[in-house]
Amino acid sequence: MIGGIIGALLIALIAWPFVRDEMTSPAPVSTATPEQAASNATESENDIVGAVSQTREAVVSVTNLQNSFQGGAQETGAGSGVIYKKDGNKAYVVTNYHVVEGASRLSVTLSDGTALEAKVLGEDPTYDLAVLSIDASKVTQVVKLGDSDTLRAGETVLAIGNPLGIFANSVTRGVISAQERTVPVDTNKDGQQDFNTEVIQTDAAINPGNSGGALINTSGQLIGINSMKIAEASVEGVGFAIPINEALPIMRDLEQNGEVIRPQLGIQIRDVQEFPSGFREDRLKLPNDVTRGIVVVGLTGNSGAEKAGMKENDVIVEINGKDINSFADLKSVLYRDAKVGDNVKVTFYRGGEKQTLDVKLSAQAATVQ
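Every value quoted in this text rests on a predicted model; they were computed, and no experiment measured them.

S.K.: So what exactly am I meant to see when it comes to a nonpolar patch on the surface here?
M.R.: The grouping of Leu164, Ile166 and Phe167 at the surface amounts to a nonpolar patch, some 340 Å² of accessible area in total. Its place among the elements puts Leu164 in the loop between β8 (156-161) and β9 (170-185). We classify Leu164 as exposed; its relative accessible area is 53%.

Laid out in structure tokens, this is it:
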């Protein structure tokens with residue numbers, strides 16, 4: 001027994017240095033040198049600084065000047081814009097429609113403080129976009145266009161603009177909170193939602209004056225035009241931008257044609273829910289489970305709808321298989337998924353019976369859809 005105890009003590013004495021080293025040695029974390037670790041820590045910051053330097057001079061301030069009763073033009077608002085193209089002696093700026101709305105004169109201020117007169121080439125209240133032209137001789141930078149379809153939630157983005165109309169070329173940082181958010185908007189300010197705008201949601205700070213500015217990725221590419229912000233005391237970090245892939249076709253139409261030519265059925269409409277339940281049952285003869293849709297209250301002569309055989313009091317519930325619950329849904333389906341000359345399948349109720357017709361879309365007139 002004594003021999004066994006002595007043997008155990010000898011083994012313990014021999015093994016102790018190895019156990020001690022194992023207990024005191026730190027767990028391996030990384031094989032990188034301190035210099036490499038420092039480089040990795042600042043890499044994303046360098047990307048952001050580089051992205052801003054590639055874009056900042058392409059972001060401008062836009063001042064809306066309107067004639068006053070006292071005579072002369074007075075500043076009535078300020079926003080932001082982005083230079084996206086330079087061609088010969090002209091440079092092209094995209095901004096929000098509400099930034100330039102009602103202007104008798106527009107001034108664009110470059111990042112170096114140079115103020116230039118701007119001309120409106122076209123406006124689109126539906127998408128809240130406008131395109132301006134300015135003298136290109138002072139323009140030093142044009143933004144690079146990105147691909148908003150490849151955005152991912154959590155991706156770092158930067159908003160550049162003119163918040164409050166006094167802090168030109170301010171940069172805020174955030175992430176993509178969500179792609180393809182649908183936000184109802186009132187484009188004609190009649191108090192009713194009449195279009196569902198597809199936007200990028202971000203928590204990058206977007207304040208008054210940022211409207212029309214750039215939302216860029218860490219490669220310095222323009223992926224959105226900052227447009228809307230929920231500005232309530234209880235709301236923080238909820239900003240919106242028009243995806244560049246949605247904006248580009250509009251920008252090209254405004255630049256080349258001064259307007260956007262959109263398709264229409266050739267009907268005047270009202271939402272089903274505007275009518276009392278008795279009218280829906282007795283006059284429209286809708287089934288009890290049909291509570292949403294749009295009612296045809298008039299047709300344009302020689303329009304696609306009239307030629308196809310649509311009539312007043314038809315209640316449209318689908319177009320090309322997509323639900324039409326409101327006026328906003330109708331505009332969204334026609335504006336996003338169709339073009340002038342297309343044939344669409346319209347599903348509707350007439351006298352309580354569900355029917356379908358193929359309707360050829362024509363160019364939109366001013367007072368019909």
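S.K.: Just checking my understanding: could you explain unusual backbone geometry for this structure?
M.R.: What you tend to see is this: most non-glycine residues have negative phi, and most peptide bonds are trans. Positive phi, normally seen in glycine, also occurs at Asn302, with a value near 65°. Structurally, the position occupied by Asn302 is in the loop between β16 (294-299) and α6 (304-308). According to the relative accessible area criterion, Asn302 is exposed, its value standing at 57%. With a phi angle near 50°, Asn320 is a residue other than glycine that sits in the positive phi range. Considering the arrangement of structural elements, one finds Asn320 in the loop between β17 (315-319) and β18 (322-323). Among the residues examined, Asn320 registers a relative accessible area of 45% and is labelled partly exposed.

S.K.: How should the side chain of Asp128 be read in this particular structure?
M.R.: When you line up the elements, Asp128 lands in the loop between β5 (115-124) and β6 (129-135). Within the structure, Asp128 has its side chain in polar contact with the side chain of Ser227 (distance 2.8 Å). Beyond its immediate sequence surroundings of up to four residues, Asp128 is in contact with Thr95, Asn96, Tyr97, His98, Ser227 and Ile242.

S.K.: What am I meant to see in the pattern of salt bridges here?
M.R.: Per the stated rule, a full pass over the model turns up 8 salt bridges. Lys322 is the salt-bridge partner of Asp337, the closest N and O atoms lying 2.6 Å from each other. Separated by 15 residues along the polypeptide, Asp337 in helix α7 (residues 327-337) and Lys322 in strand β18 bring together distant segments of the chain. Here Lys339 ties to Asp342 by a salt bridge, and the two come within 3.4 Å at their closest N and O atoms.

S.K.: I'm lost on helix α4 (residues 244-257) in this one. Help?
M.R.: One full turn of an α-helix is made of 3.6 residues, so residues set three or four places apart face in the same direction. Compared with an ideal rise of 1.5 Å per residue, which puts 14 residues at 20 Å, α4 spans 19 Å between its outermost C-alpha atoms and is within 8% of the ideal. By the burial criterion, the buried members of α4 are Ile244, Glu246, Ala247, Leu248, Ile250, Met251, Leu254 and Glu255. Two residues or fewer after α4 comes Gly258, characterised by a positive phi angle close to 80°.

S.K.: Sorry, what's going on with the confidence of the model for the protein chain here?
M.R.: Detailed reading of the predicted coordinates is not advisable wherever pLDDT falls low. Looking at the protein chain, the pLDDT average stands at 85 and 85% of residues meet or exceed 70. Long-range and interchain partners of residues 27-41, a stretch whose pLDDT sits below 50, account for 2 contacts in this model, where long-range means more than four residues apart.

S.K.: I keep staring at the sheet that holds strand β3 (residues 90-95) and nothing clicks. Help me out?
M.R.: Spatial ordering of the closed barrel is given by β1-β2-β3-β6-β5-β4, a layout of 6 strands whose pairing is antiparallel. Averaged over all neighbouring strand pairs, the angle between strand axes comes to 40°, with direction disregarded. Here 5 bridges tie strand β1 (residues 59-67) to strand β4 (residues 105-109), and the two strands are oriented antiparallel to one another. Bridge pairing in β4 links Asn64 to Leu106. Here α4 sits on the sheet in contact with β2 (73-87), β3, β5 and β6, set at roughly 55° to β6.

Cut-off values and rules
Residues numbered from 1 in each chain as written. Predicted model: local features only at pLDDT ≥ 70, side-chain atom pairs only at ≥ 80, totals over all residues. Heavy atoms only, no water. Patch = residues over 30% accessible without salt bridge, like charges linked within 9 Å, V, L, I, M, F, W, Y side chains within 5 Å. Areas by Shrake-Rupley, 256 points an atom, 1.4 Å probe, with all protein chains shown as cover. Salt bridge = Lys/Arg side-chain N within 4 Å of Asp/Glu carboxyl O. Helix = DSSP H or I, 4+ residues; strand = E, 2+ residues; numbered from the N terminus. Buried < 20%, exposed > 50% of the residue type's maximum accessible area, 1.4 Å probe, protein only. Polar contact = N/O pair within 3.5 Å; in protein donor to acceptor, adjacent residues only side chain to side chain. Contact = heavy atoms within 4.5 Å. Expected span 1.5 Å × (residues − 1). pLDDT = per-residue confidence, 0-100. Pairing = 2+ DSSP bridges. Axes fitted to C-alpha atoms, helices over the stretch in contact; angles between N-to-C directions.

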